[in-house]
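Residue-level listing of the chains:
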Amino acid sequence: MSKYTDLGVSYYSLLGLHPKASNQQIRRAYRKLSKQYHPDTTDMPPLTATAKFQQINEAYATLVDS
């Protein structure tokens, strides 16, 4: 599975991590960002928040699956 989004952005950079990040660091970054961008807990426009939240979920699922 690729470690890049369809637009060529690294999943690590999406989560704000170094490519050698541990699973624990990945999980911490995911939890922090998912709280920040969850559509029910942010003041962002719903469509923007949903898109960002989905990207974060995809990055997490891909990186912890490795």
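Residues numbered from 1 in each chain as written. Predicted model: local features only at pLDDT ≥ 70, side-chain atom pairs only at ≥ 80, totals over all residues. Heavy atoms only, no water.

Caption draft 1: Quick look at the overall build of the protein chain. Counting its regular elements, the protein chain contains three helices and zero strands. Written out in order from the N terminus, the α and β elements of the protein chain read α-α-α. Here the protein chain holds 66 residues, and the buried ones make up 32% of them. Partitioning the contacts of the protein chain with sequence separation of at least 6, the portion at a separation of at least 24 is 42%. Just so you have it, the protein chain exposes about 4,700 Å², and 51% of that area is on carbon and sulfur atoms. (Helix = DSSP H or I, 4+ residues; strand = E, 2+ residues; numbered from the N terminus. Buried < 20%, exposed > 50% of the residue type's maximum accessible area, 1.4 Å probe, protein only. Contact = heavy atoms within 4.5 Å. Areas by Shrake-Rupley, 256 points an atom, 1.4 Å probe, with all protein chains shown as cover.)

Caption draft 2: Main features of helix 2 (residues 23-37). Across its 15 residues, helix 2 extends 21 Å between first and last C-alpha, which sits within 8% of the 21 Å expected from 1.5 Å per residue. Listing the buried residues of helix 2 in full gives Ile26, Ala29, Tyr30, Leu33, Ser34 and Tyr37. Seen end-on, helix 2 carries its buried residues on one side only, within an arc spanning 130 degrees. Those residues of helix 2 that are exposed and aimed more than 90 degrees away from the buried face are Arg28, Lys32 and Lys35. Summarising the contacts, the buried residues of helix 2 are in contact with helix 1 (11-15) and helix 3 (46-65). (Expected span 1.5 Å × (residues − 1). Arc of directions from axis to C-beta.)

Caption draft 3: Layout of the side chain of Thr42. Position of Thr42 among the secondary structure elements: in the loop between helix 2 and helix 3. Since its relative accessible area comes to 18%, Thr42 is described here as buried. Of the polar contacts made by the side chain of Thr42, one reaches the backbone nitrogen of Met44; its length is 3.3 Å. For Thr42, the contacting residues outside a window of four places in its chain are Gln36, Tyr37 and Ala49. (Polar contact = N/O pair within 3.5 Å; in protein donor to acceptor, adjacent residues only side chain to side chain.)

By themselves these figures say nothing about function.
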